[in-house]
Amino acid sequence: MNREWEILQIPGPTPIPPSVDRAMSQPMIGHRGQKCKALMEDLAPRLKPIFGTTGDVLVLSSSGTSALEAAVVNTTSAGDEVIVVVAGAFGERFAKICNTYELNVHRIDVEWGNAVQVAAIEEQLQANPNVKAVFVTHCETSTGVMHPVEEIAERVHEVSEALVIVDGVSSMGGAALDMDGSGIDLLISGSQKAMMLPAGLAFAAVSEQAWSVIHENTRPRFYLDLRTYKKSLDSGQTPFTPALSLLFGLQEVLSLIEEEGLDKVHERHQIMKEMTRAAFRALNVPLLVSEEDASSTVTSVRPQTFKAEQFRKIANEEFGLMTAGGQGHLKGEIFRVGHMGYSRPTNVLQYISIIEVVLKRLGHDFEQGAGTAAAQEAYLQATRELD
Ligand SMILES: *Cc1c(COP(=O)(O)O)cnc(C)c1O
């Protein structure tokens, strides 16, 4: 097969729009010169709406996990009590980072595939009034669940002083979050998911309440010290050499999002989710996640009549369609289709049609064309509602 035929429908890294690829090939500039200052000053205000904030959005040159770690080291000291929602591999990562930095972690374990109950967090806070921060994932990429983080933030602030720290790596740029309105204190993201870039940038949007905690916190930190990023940002700089090519690309990503309209971008993700879920229902392939908890950027299914890994192998070898497998105990049990960033209903119609052929190869029982028809119908319905 032609090696350029790969169709990347995994929840990151995601495909890069051609104009973003071109933007990234611009010649280098000096990172302490006027051009870089102009670039940083252009990016700073344009990033804010994506995070639903009028506050600072810091840009680090490192992968998304670095900003998760930055959130931990900047807001906590060893021995501090924190709550971590663990409902999948990324919640588990937050817990591991917190354990690494010797925090006293109160885990809220949620069955993988479900969203956390807001009441469970409230209960933990009441039982542990000294908790300094609540860590929760927005889109739990390993299952395709979207946790109700706005509601969580509102409730946490009603009943405690704790910060609310959200991992939005696989949702920002694809799903709306009202950071300021709901009171999220730190909202983290990365470049290679819905932000349509290669890996290498991490984002941290910071609330005023988080800044006061960060400034008072005495834990030593260097590369991940958010105070230095803030100080530099205020003068149109970065503390260290930034990943300039990615910043050039980011400028183009922001233009694409602004041209389409941020609300339209979010709607497009909702539509792709609905099309994908309608198709799997029509194909008798069980969805892992309920309608209420499902993410608009990634969909997981748990096949009963065939092996998920065999499906992925055939889809890839015959059509170049890349889907993702399960993580942790769901390895081999599920597969995941990413529909975020540079992905649109066109792609959904394509991958659902391919999926049908692969399901036929596997001897799965369904009416050929039913998935595609369901996706088409979901598209027609969703776009009719928008008119
Ligand atoms: C991909 C992802 C990360 C990890 O980001 P890296 O860029 O690989 O460090 C963290 N959290 C979530 C929810 C993700 O989907």
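Residues numbered from 1 in each chain as written. Predicted model: local features only at pLDDT ≥ 70, side-chain atom pairs only at ≥ 80, totals over all residues. Heavy atoms only, no water.

- Under an unreviewed UniProt entry, the protein has the name Pyridoxal-phosphate-dependent aminotransferase family protein and belongs to Halobacillus campisalis.
- For the record of the protein, the UniProt heading Cofactor (unreviewed entry) holds the text "pyridoxal 5'-phosphate". (UniProt positions renumbered as here; feature names shortened; annotations may be inferred.)

**As for the packing of helix H2 (residues 34–51) against helix H10 (residues 244–260)**
Working step 1: Here H2 crosses H10 at 45°, and the two axes come no closer than 10 Å. Classified by the interaxial angle, the pair formed by H2 and H10 is oblique. As for the relative orientation of H2 and H10, their crossing is left-handed in sense. For the pair H2 and H10, the contacting residues are Cys36, Leu39, Met40, Asp42, Leu43, Arg46, Leu47 and Ile50 in the first and Leu244, Leu247, Phe248, Leu250, Gln251, Leu254, Ser255, Ile257 and Glu258 in the second.
Working step 2: Partitioning the contact of H2 with H10 into residue classes produces 12 nonpolar, two polar and three charged. (Axes fitted to C-alpha atoms, helices over the stretch in contact; angles between N-to-C directions. Helix = DSSP H or I, 4+ residues; strand = E, 2+ residues; numbered from the N terminus. Parallel < 35°, antiparallel > 145°, perpendicular 65-115°, else oblique. Left-handed = near helix turned anticlockwise from the far one by under 90°. Contact = heavy atoms within 4.5 Å. Nonpolar A, V, L, I, M, F, W, Y, C, P; charged D, E, K, R; others polar.)

**Overview of the domain arrangement of the protein**
Working step 1: Here the domain parsing of the protein yields domain 1 (3–13 + 261–386) and domain 2 (18–258).
Working step 2: Both faces combined, the contact of domain 1 with domain 2 buries some 2100 Å², and carbon together with sulfur accounts for 62% of it.
Working step 3: For the pair domain 1 and domain 2, the interface holds zero salt bridges.
Working step 4: Linking domain 1 with domain 2 are eight residue pairs in polar contact (both at pLDDT 80 or more), by the criterion used here.
Working step 5: Elements with a contribution of two residues or more to the side of domain 1 that touches domain 2: helix H11 (262–282) and strand E11 (298–301). (Domains from an automatic or database assignment. Buried area = accessible area lost by both parts, 1.4 Å probe. Salt bridge = Lys/Arg side-chain N within 4 Å of Asp/Glu carboxyl O. Polar contact = N/O pair within 3.5 Å; in protein donor to acceptor, adjacent residues only side chain to side chain.)

**Some words on the packing of aromatic side chains**
Working step 1: Per the stated rule, a full pass over the model turns up nine aromatic pairs.
Working step 2: An angle of 15° between the planes, with centres 4.1 Å apart, marks the rings of Phe311 and Phe335 as stacked. Of this pair, Phe311 sits in helix H12 (residues 308–319) while Phe335 sits in strand E14 (residues 335–338), and the two are 24 residues apart along the sequence.
Working step 3: The class of Phe311 is buried, set by a relative accessible area of 0%.
Working step 4: Three or more aromatic residues joined by ring pairs form one cluster here, namely Phe222, Tyr223, Tyr229 and Phe240.
Working step 5: The ring of Phe366 carries Lys360 above its face, with NZ or CZ at 4.5 Å from the centroid. (Phe/Tyr/Trp six-rings, centres within 6.5 Å; stacked < 30°, edge-to-face > 60°. Buried < 20%, exposed > 50% of the residue type's maximum accessible area, 1.4 Å probe, protein only. Lys NZ or Arg CZ within 6 Å of the ring centre and 35° of its normal.)

**Focus: the pattern of salt bridges**
Should the charged atoms of two oppositely charged side chains come close, the side chains can pair.
Working step 1: One pass over the structure, following the stated rule, counts 18 salt bridges.
Working step 2: With a closest N to O distance of 3.1 Å, Arg281 and Glu291 form a salt bridge. One end of the pair, Arg281, is in helix H11; the other, Glu291, is in the loop between H11 and E11, with 10 residues separating them in the sequence.
Working step 3: On the basis of relative accessible area, Arg281 is assigned to the partly exposed category, the value being 45%.
Working step 4: Accessibility expressed as a relative area gives 42% for Glu291, which makes it partly exposed.
Working step 5: With its nearest N and O atoms 2.6 Å apart, the salt bridge here joins Glu318 to Arg361. You can see Glu318 sitting in helix H12 and its partner Arg361 sitting in helix H13 (residues 345–361), a full 43 residues away along the chain.
Working step 6: The class for Glu318 is partly exposed, based on a relative accessible area of 33%.
Working step 7: Judged by its relative accessible area of 55%, Arg361 falls in the exposed class.
Working step 8: The network of salt bridges with common partners includes Asp42, Arg46 and Glu258.

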